[in-house]
Every structure is written in C-alpha cells, then in structure tokens.
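Coordinate inspection notes
Below, each chain spelled out in residue letters.
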Amino acid sequence: MSTNIIEVRNLVKKYGDFAAVKGISFNVEAGEVFGFLGPNGAGKTTTISILCTLLRLTSGTALVNGFDVSTASMKVRGSIGLIFQETSLDNQLTARENLQIHGELYGVANVVLRRRIPEVLGMVDLSEWSDRLVGAFSGGMKRRLEIARGLLHHPRILFLDEPTLGLDPQTRSHIWEYILRLRHDEGITVFLTTHYMDEAENCSRIAIIDHGEIVALDSPAALKAMSAQDIINLDTDDNQLAAELIEKRFGVAVRMGGDGLHFEVADGARFIPEFIASFSNGERSPRILRISLRRPTLDDVFLKVTGRDIRRQGADETEGQRMAAKLSR
Amino acid sequence: MGSHPASLPSTTDIHVPATESRIERDLQGLATIWRRELLHVWRDKPRLVGSLIQPLLFLLIIGNGLAPAVGNAIGGIDFKKFIFPGIIAMSVLFSSVFYGITVVWDREFGFLKEILAAPVRRYVVALGKILAGSTIATTQGLIVLMFVPWLAETSLSASVVVKLIPFLFLLSLVTSSLGVTLGAIIKSIQAFQVMMMVLVMPLYFLSGAFFPLKDLPTWMDILSKIDPLTYGVDPIRQIGLTAVLRSHSIQVFAVHTIGFDVLMLCVFAAILITWSITVFNRL
Ligand SMILES: Nc1ncnc2c1ncn2[C@@H]1O[C@H](COP(=O)(O)OP(=O)(O)OP(=O)(O)O)[C@@H](O)[C@H]1O
Ligand SMILES: [Mg+2]
C-alpha cells in the first residue's frame, strides 16, 4: 500500500501577471525520492518554496504530511527539512552552534540535541569539524552541513533545491551517496530539484517541468521506455544527402547535430547491418565514416517532451544568470 | 562511502514538541534568536570596541572644544556636563539603528531564509531581533556612561546609573525597532548606510542632545517634538544631572515631565514594533 505524503492539485503561482507555475498536480509517495527536473526558470524553486510555506500560492491546494500549506504552515514547517538552492548557514558560528540554533528553532529538546547533533555530524563525515567556524568550510562541506541540519529534527520529508549546484563531480557524487544512504537509514521521503540528467536517474520518479508545467511524470525507466526507440548516430562524407536518403528509404525523422545525424529506430542492433548493406548497394550513396547506437537517456526524453536540449544551458550560463539575479535583487 | 553508524535511531523517537504550549515555543524561539545575536557581537569584539570610540570621541572633543566658547551659558553649568546625556543617547541611537544592518547581512548570506523557514512565528523573529538590538545598545550606553565621570568631570552615583537603565532600555527599544524594520525593508548594505546618514543625523540633532530645545524656530520645534530621541534625551538629562543640579532648578533643562517622556517613548515603541512585525510577516 502506498500513501501520498505530498498532494498537489492545480497549483498556480503568479508573480504579477506572469505565471511561474501554471496549475500543476502531482503526488509524492511516502519513502520515494521524487525529482523535479527542469531548465532554469522552469518553476522548480517556486514550487518548493510553496510546499515549504515560504511563498503563498495563488490558487490550488497543496498538502504536505497531511497539512495544508495555506492554513497550517507551522505544522508543515515542523515536519520537513529544507536545503535551499543557495547556502543559508551562519558563517560566524561553528558547525555545532548552527545545528544547536536550528534544533532550538524547531523545538527539539536539549537532551535530544546533545545526542542528535554529533550523530548528524557523523552522518555527513563532519565530526572533526564540529567546533570550527562555518565561514572556513568549502562549498561541499557547507552542503553536507546543510544536509545534516535539514535532518536534525527528524523530518518526514527532506526538500533539496539543486543540492549539488556548483560542486565538482566528485563532491556531487558524494552528496548523492549521502542523500540515498540517509533516505535509507532515516526512512524519509526526499523531494529534490535538479537540472542534471544523471542525477535524475537516481530518483524513484521524476516530474519534468518546463515553463511552469509538468510535461512528463514517471520513473526514469518508464520515461526512457516512452521513447522505446534506439538512437543511431551516423556520420558520413555528405550528411545532407545521407539525411535525404534515410528519410526517403526508412521513413524516419533525421536530426542534424554537431556530431553527425541522429535518428530513432525500433531495434537498432538489427537495423545497423541492414542499413549498411542497403547504403553500400546504392549507386551514389555517401560513404559511412562512423556509426553508433545507444539506448535512450533522460536527455532524449527531455528533448522529446520539451523540444529543447537541457544541456544547451551550460553551467557557466546558469551561474552567470544567478549572479545577475542576485545582484539585481 | 566509508564508515558510518550501522544502526541509527528509528524514527519512533521523532521529536514532537506536543507537550509544550504555544507560549513556551515562542519564548524558546525568542531566546534562541536573541542569543545568536549576542553571540555574534561577542565574536566580533573589534566591532564592539569600534562602536564605543565614536561617542567617546564626541564627548572628549566636542565637549572640550566647545566648552570654552559656550562657558556656562546653558543653564549655568559646564557644557561637558550639559552634553553627556545627549552623547549617551547618541550611542544608543547609533548602535541600535546600525544593528539593523544585521538583517541586511542575514539576507545577503542566506541565513535569513533559515530563520524564515523555521516553525517560529514571525512576530517572534521580529521581537527577538529587536530585543537583542536593545540589549546591545543599552549595554553600550552603560559602558559609555562609565567614562562620563572622567571625560565630563561629573560625579555619577550608582543609584543614578541604576535609575538610568530602564530609560536607556526603553529608548533602545524604540531605536532598535526602527533599525530592524529598516533592515528588513532595505535590501542592500549601501542603501542602508545612506539611509542611516539621512535619517540618523536629523534625529540626533533635533533631539536636544547638543543644544536646549528652547526658543527654536517653529519648524524646528515641531520636528523636535516628533523626534522620538527627544523623549529619550530629556529624562536621561534630568536624571543624569541630579548630582550637578543641587544648586540649580531642574526645570532649566527639562523639556517635558519624565512621565510624559515615558509615555511618548512607549507610544513610539508600540508603533515601531507593530510596523516591524508587519514587515516580518510579509517577508
Ligand atoms: N520574486 C519573483 N518575482 C517575479 N518573477 C519571479 C520571482 N521569482 C521567480 N520568478 C520567475 O519565475 C520563474 C520560475 O522561477 P524559479 O526560481 O522557480 O525557477 P527554477 O526552476 O528554480 O530555476 P533555476 O534552475 O534557475 O533555479 C522564472 O521565470 C523567474 O524569473
Ligand atoms: Mg531554482
């Protein structure tokens, strides 16, 4: 039996005339790792902020742990842990003091805190850093401390807004190990946003959000099965001509990419020998330089449902936009 | 991943603060926010010392610089004695309005979000900040007061100091709520500093800290009456000068009765605290 720990119905958020979230509905089941995947400005932070009662919704309903975010905000807040997109630690205090203050703000008794603080610091491997000022921590250590802080008061749901943003690949994978392990050990539900496809693969289910709307929602495997086709990548000495021939002979849509042609076929392994034979038989066929086959990834799913490539939005551009946004605030 | 505790506590010991009443939770939140602010000040001792230097310099330089020129023209007492209550009020004003910048910093460094997302009512957050600012400003006023016998050549009895404490605190409450509210509204540090100069100087100069509020042009008289600091300087001067004034009538210096001053300070505090809570509720 599965129970919904988050229930969202027709959620709308408008900033003036601009609708950042356009009537989305979804459920999150207890115990799952639920991912919100979308490009910059899709409405991920807006949705998380509403679920955490930091923003008021314009219309619709949202229940978190059975509490209505509009009417029971204190109850919602007490039952969730939250890790923001940007750091929110007190740099002038030590790791332990940050946790102590958090615990007190969340009404955790001192006797519990005395045991729990070393415990969560241990979970994120920061025990030796307990009494250091947080200002001296690296980005990855700050993130880990924030995860520890988010878990301190035994929340039933942990919300993470882009938990690995701006971290190096190794630290990113470490953070993921923590998230998955903690979810297992503490038995909590995880709701996170990301725009990294490889991270989304770790989720039990993913909602792909674009321009404030959910365009797909399922498990990573099911999403990939949605485009049940294999993807062929082909490079020839005349790609223009090759594309025309393929479209005519096989009736598939061909995309022109930087690394040659891409098209989808049902059974790639069987298709390739057939294709090569037919191509070399033709009178004026282009010469094949390279051909490869791959299973569909979430990138392909994303491309399919949004019509855009999430990877186009490079990390640099993202950071630049964030800095600009931060400065203009 | 390396070593980690094999057995973690089960979620059955989830902490639910059900036994505590709402008031208890609010007081706990208030105490936590207050304590964090004081911890900050304690960690940042250069700032603490630095903010004492300005009022002390004022007392030393302006007091001694103007004393020969002014002589005993104001109420028949030495100018240094006349202005020390104003300098005490000034240190309270500067310290507590400047304290408002901590809200801007908290926003800048993200910690404000942690507080705003916590299950703590917003009025508790606002009050915690204001009370911490008042505590810091009152303490600072008292420290400056310790230098007065020496710098203003005035005797101060312990009983006078004790009597001054509630007035310093009441004034701090007014000025801290002003600082904290402005800190919550103004989002950049530069803008906050500009606002300080634009707002704090007139508040200070119109309060009677530097010259008696007698025979002023009408516009100045009106402005000084709506300046909350006027009602802080007045009782501090009346009480602070009791030792000096044995031979003089206190009425020479008094602008209002002390009771009226207290009433006005309470009115200002009520208005500004309400405003502050309203602003925090919208954050
Ligand atoms: N306070 C605001 N006022 C006006 N518009 C806003 C505000 N906050 C966000 N928006 C807009 O709402 C949209 C969604 O923003 P949101 O921060 O939710 O996106 P996001 O998916 O979290 O993006 P990112 O990956 O960059 O964090 C964006 O177009 C953004 O410009
Ligand atoms: Mg975001």
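Residues numbered from 1 in each chain as written. Chains lettered and ligands numbered in written order. Predicted model: local features only at pLDDT ≥ 70, side-chain atom pairs only at ≥ 80, totals over all residues. Heavy atoms only, no water.

Right, let's get into the overall build of chain B. For chain B, the count of helices and strands is 11 helices and zero strands. Across chain B, helices and strands are ordered from the amino to the carboxyl terminus as α-α-α-α-α-α-α-α-α-α-α. Counted over contacts in chain B with a minimum sequence separation of 6, partners at least 24 positions apart contribute 80%. Carbon together with sulfur atoms contributes 71% to the accessible area of chain B, which is approximately 12,500 Å² in total. (Helix = DSSP H or I, 4+ residues; strand = E, 2+ residues; numbered from the N terminus. Contact = heavy atoms within 4.5 Å. Areas by Shrake-Rupley, 256 points an atom, 1.4 Å probe, with all protein chains shown as cover.)

Turning our eyes to something else, we now look at the pairing of strand β1 (residues 4–15) of chain A. All names here are of chain A. Across nine bridges, β1 lies against strand β2 (residues 18–29) in antiparallel orientation. Looking at β2, one finds that Val8 is bridged to Phe26. The pairing of β1 with strand β4 (residues 59–64) spans five bridges and is classified as antiparallel. Looking at β4, one finds that Val8 is bridged to Ala62. (Pairing = 2+ DSSP bridges.)

Moving on: the site of ligand 1. Residues and elements named next belong to chain A. The environment of ligand 1 is formed by 14 residues, the closest being Gly41, Lys44, Thr45, Thr46 and Glu162. At a separation of 3.3 Å, a nitrogen atom of ligand 1 approaches a polar side-chain atom of Tyr15. Measuring from an oxygen atom of ligand 1, one finds a side-chain N or O atom of Gln85 at 3.0 Å. Calculation on ligand 1 without its partners gives an accessible area of 640 Å², and the protein chains cover 63% of this total. Mapped onto the shell around ligand 1, the elements with two or more residues apiece are β2 and α1 (44–51). (Near = heavy atom within 4 Å. Polar contact = N/O pair within 3.5 Å; in protein donor to acceptor, adjacent residues only side chain to side chain.)

The subject of this paragraph is the coordination of the magnesium ion (ligand 2). Residues and elements named next belong to chain A. Within the protein, Thr45 (OG1) and Gln85 (OE1) serve as the donor atoms for the magnesium ion (ligand 2), at 1.8 to 2.2 Å. Note that Thr45 is positioned in helix α1 and Gln85 in the loop between β6 (80–83) and α3 (95–105), a separation of 40 residues in sequence. Judged by relative accessible area, Thr45 falls into the partly exposed class, the value being 31%. Residue classification places Gln85 among the buried residues on the basis of a relative accessible area of 15%. (Donors = N, O, S within 2.8 Å, 3.2 Å for Na, K, Ca; no water. Buried < 20%, exposed > 50% of the residue type's maximum accessible area, 1.4 Å probe, protein only.)

Residues and elements named next belong to chain A. The antiparallel open sheet is built from four strands, whose spatial order is β2-β1-β4-β5. With partners counted over all chains shown, the strands left at the sheet margins are β2 and β5 (67–68), one partner each. With two bridges joining them, β4 and β5 adopt antiparallel strand pairing. Opposite Leu63, over in β5, you have Asp68 as the bridge partner. Seen against the sheet, α1 touches β1, β2 and β4 and runs at an angle of roughly 120° to β1. (Axes fitted to C-alpha atoms, helices over the stretch in contact; angles between N-to-C directions.)

Helix-helix packing is characterised by the crossing angle of the two axes and by the distance between the axes. All names here are of chain B. Contact pair helix α3 (residues 79–99) / helix α4 (residues 101–108): the axes reach a minimum separation of 5 Å and the direction vectors enclose 20°. Taken together, α3 and α4 sit at an angle that is classed as roughly parallel. Here Val97, Phe98 and Tyr99 of α3 come into contact with α4, specifically with Ile101, Thr102 and Val103. Of the residues assigned to the contact of α3 with α4, the class counts are five nonpolar, one polar and no charged. (Parallel < 35°, antiparallel > 145°, perpendicular 65-115°, else oblique. Nonpolar A, V, L, I, M, F, W, Y, C, P; charged D, E, K, R; others polar.)

Moving on, we get to the side chain of B:Asp234. Residue and element names in this part refer to chain B. Along the chain, Asp234 turns up in helix α10 (residues 230–240). One buried charge, Asp234, has no salt-bridge partner; the nearest side chain with opposite charge is Arg237, at 6.3 Å. Those residues in contact with Asp234 that lie beyond four places of it in its chain are Phe253, Ala254, Val255, His256 and Asp261. (Lys, Arg positive; Asp, Glu negative; His and termini not counted. Salt bridge = Lys/Arg side-chain N within 4 Å of Asp/Glu carboxyl O.)

In this approach a probe as big as a water molecule rolls over the atoms, and the regions it shows empty are the leftover space. Residues and elements named next belong to chain B. Following the criterion strictly, the structure yields four cavities of 30 Å³ or more and no others. In this model, the largest cavity occupies a volume close to 60 Å³. Around the largest cavity, the lining residues are Phe82, Gly208, Phe211, Pro212, Leu213, Lys214, Arg237, Val252, Phe253 and Val255. In terms of residue class, the lining of the largest cavity is built from seven nonpolar, one polar and two charged. Here the second largest cavity is characterised by a volume of approximately 40 Å³. Looking at the second largest cavity, the residues that line it are Leu93, Leu171, Val174, Thr175, Leu178, Leu203, Asp227, Pro228 and Leu229. (1 Å grid on protein atoms, 1.4 Å probe; cavity = no way out; pocket = protein on both sides within 12 Å on 5 of 7 lines; lining within 4 Å. Points joined across faces, edges and corners; volume = space filled by probe spheres on them.)

Take the sheet that holds strand β3 (residues 33–37) of chain A next. All names here are of chain A. Strands sit in the order β6-β7-β8-β3-β9-β10 across an open sheet of six strands; the sheet is mixed. This sheet does not close on itself; its edge strands, each paired only once, are β6 and β10 (213–218). The sheet shows a mean angle of 15° between the axes of neighbouring strands, direction not considered. Bridge count for strand β7 (residues 157–161) against strand β8 (residues 189–194) is five bridges, and the pairing is parallel. When the sheet's bridge partners are listed, Leu160 is paired in β8 with Leu192.

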